[in-house]
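The chain contents come next:
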Amino acid sequence: MVKAKRFEGKVAVVTASTQGIGFAIAERLGIEGASVVISSRKQQNVDAAVDKLRAKGIQVMGVVCHVSNSQQRKHLIDQTVQKYGKIDVVVSNAAANPSVDTILQTKDSVLDKLWEINVKATILLLKDALPQLQKGSSVVIVSSIAGYNPPPSLAMYGVTKTALLGLTKALAAEMAPDTRVNCVAPGFVPTNFASFLTTNDEIRKELVANTLLGRLGTAEDMAAAAAFLASDDAAYVTGETIVVAGGTRSRL
Ligand code: NAP
């Protein structure tokens, strides 16, 4: 039961937030008092997610935004400012994993898509959001445990997630002192995105065995870490990544 109200009076934009981890982050920020702006590629998903959040008493607006579409990114920021007048929190959560090929087998067009959605879109969204970001604002980027040691079936995806660890450090320096930039690196969470792994019994057992806590993550586990980083509880934290992976091996 969440009792904290760390985001009262704050406005939060969360990309790729109509289901899974992004939805859970939007829900958590909203339950803690934020006005949230959710988005994803499909209007019907946006509408359904808005309804679910409103039913929980959350102040929410939904906007269609494919993160690699420049007009839709601008529209997301414009609509947010038109409705709420400012932005305090940006959570960049969208990613694609269109291929299980090895890196050297990955098509040129797929390499571009991975870079565009998983890395470049975060940069371009923040460029659009920058003039609206308040003093004391906060950015949370969603990377992955795969960023630390890209597994064979997720190799190039993993490399884009490694880039986000560096992007977090670099943007934290660029955006200080008014805006903090941090990152969450989730372990495996049984969402649609990871279903090609987590619905396979053998792989699922292996992923669970790799944790110290004996279970896969939940979207709510990720949301709790993202909310901490976005909140004033993390007022002296910037340029950092929290691994939320049940103790799965990642880094020292
Ligand atoms: P998910 O449950 O499959 O949800 C994906 C969400 O993203 C949906 O709302 C989808 O809605 C939206 N979306 C997809 N492509 C988009 C795009 N190009 N632009 C805007 N919205 C888009 O996925 P998830 O597991 O929560 O993944 C969220 C993030 O967590 C990703 O960055 C992923 O890399 C990271 N992550 C996940 C895991 C895991 O095990 N699940 C582990 C580590 C990291 P529409 O279809 O309507 O666009």
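Residues numbered from 1 in each chain as written. Predicted model: local features only at pLDDT ≥ 70, side-chain atom pairs only at ≥ 80, totals over all residues. Heavy atoms only, no water.

Some details on the overall build of the protein chain
The helix and strand inventory of the protein chain stands at eight helices and seven strands. A compact globule built from 252 residues should have a C-alpha radius of gyration of about 18 Å, and the protein chain, at 17 Å, falls within 12% of that. Overall, the protein chain is about 45 × 40 × 40 Å in size when its C-alpha atoms are taken along their principal axes. Burial statistics for the protein chain: of 252 residues in total, 49% are counted as buried. The contacts of the protein chain with a sequence gap of at least 6 include a subset with a gap of at least 24, amounting to 71%. For the protein chain, the accessible area works out to roughly 12,300 Å², and carbon and sulfur atoms hold 52% of it. Of the side-chain charges in the protein chain, 27 are positive and 22 negative, and the distance between the mean point of each set is 2 Å. (Helix = DSSP H or I, 4+ residues; strand = E, 2+ residues; numbered from the N terminus. Rg over C-alpha atoms; globule rule 2.2 N^0.38 Å. Buried < 20%, exposed > 50% of the residue type's maximum accessible area, 1.4 Å probe, protein only. Contact = heavy atoms within 4.5 Å. Areas by Shrake-Rupley, 256 points an atom, 1.4 Å probe, with all protein chains shown as cover. Lys, Arg positive; Asp, Glu negative; His and termini not counted. Charge placed at Lys NZ, Arg CZ, Asp CG, Glu CD.)

Some words on the sheet that holds strand β3 (residues 60-64)
Within a beta sheet, neighbouring strands are joined by backbone hydrogen bonds and run either parallel or antiparallel to one another. The strand order across the open sheet built from seven strands is β3-β2-β1-β4-β5-β6-β7, with neighbouring strands paired in parallel fashion. Each of the sheet's edge strands pairs with one partner strand only, and the pair in question is β3 and β7 (241-244). Between one strand and the next, the sheet's axes are offset by a mean angle of 20°, whatever the strand orientation. Inspection of the sheet shows strand β1 (residues 11-14) paired to strand β4 (residues 87-92) by three bridges, in the parallel sense. Residue V14 lies in a different strand from β4, and its bridge partner there is V91. Sheet contacts for helix α1 (residues 20-31): β1, β2 (35-40), β4, β5 (133-142) and β6 (179-186); angle to β1, the most-contacted strand, approximately 175°. Each of β1, β2, β3 and β4 touches helix α3 (residues 70-84); the most contacted strand, β3, lies at about 155° to it. (Pairing = 2+ DSSP bridges. Axes fitted to C-alpha atoms, helices over the stretch in contact; angles between N-to-C directions.)

Re the site of the ligand
The environment of the ligand is made up of 28 residues, and the closest members are T18, S40, N93, Y157 and T191. Residue R41 places a side-chain N or O atom 2.7 Å away from an oxygen atom belonging to the ligand. Calculation on the ligand without its partners gives an accessible area of 900 Å², and the protein chains cover 94% of this total. Those elements giving two or more residues to the shell around the ligand turn out to be α1 and α5 (155-175). Partitioned by chemical class, the residues of the shell around the ligand number 13 nonpolar, twelve polar and three charged. (Near = heavy atom within 4 Å. Polar contact = N/O pair within 3.5 Å; in protein donor to acceptor, adjacent residues only side chain to side chain. Nonpolar A, V, L, I, M, F, W, Y, C, P; charged D, E, K, R; others polar.)

A closer look at helix α8 (residues 219-230)
In a regular helix each residue adds 1.5 Å, so twelve residues correspond to 16 Å; α8 covers 16 Å between its end C-alpha atoms and thus fits that length. Within α8, burial applies to A219, M222, A223, A225, A226, A227, L229 and A230. (Expected span 1.5 Å × (residues − 1).)

Section: the environment of A225
Tracing the backbone through its elements, the reader meets A225 in helix α8. For A225, a relative accessible area of 11% corresponds to the buried category. In contact with A225, other than residues within four places in its own chain, are V184 and V244.

Focus: the packing of α3 against helix α4 (residues 108-129)
In helix packing, the relevant descriptors are the interaxial angle and the interaxial distance, both defined with respect to the helix axes. The N-to-C vectors of α3 and α4 enclose an angle of 40°; their axes lie 9 Å apart at closest approach. The angle between α3 and α4 falls in the class oblique. Classified by chirality, the crossing of α4 by α3 is right-handed. Every residue of α4 that contacts α3 at R73, K74, L76 and I77 is listed here: A121, L124, L125, D128 and A129. Among the residues forming the contact of α3 with α4, the class breakdown is six nonpolar, no polar and three charged. (Parallel < 35°, antiparallel > 145°, perpendicular 65-115°, else oblique. Left-handed = near helix turned anticlockwise from the far one by under 90°.)

Digging into the packing of aromatic side chains
Scanning the model with the defined rule gives one aromatic pair in all. Between Y157 and F193, the ring centres sit 5.6 Å apart and the planes meet at 50°, which makes this aromatic pair tilted. Of this pair, Y157 sits in helix α5 while F193 sits in the loop between β6 and α6 (195-198), and the two are 36 residues apart along the sequence. Taking relative accessible area as the criterion, Y157 reaches 7% and is therefore assigned buried. Positioned above the aromatic ring of F23, the side-chain terminus of K52 is 5.4 Å from the ring centre. (Phe/Tyr/Trp six-rings, centres within 6.5 Å; stacked < 30°, edge-to-face > 60°. Lys NZ or Arg CZ within 6 Å of the ring centre and 35° of its normal.)

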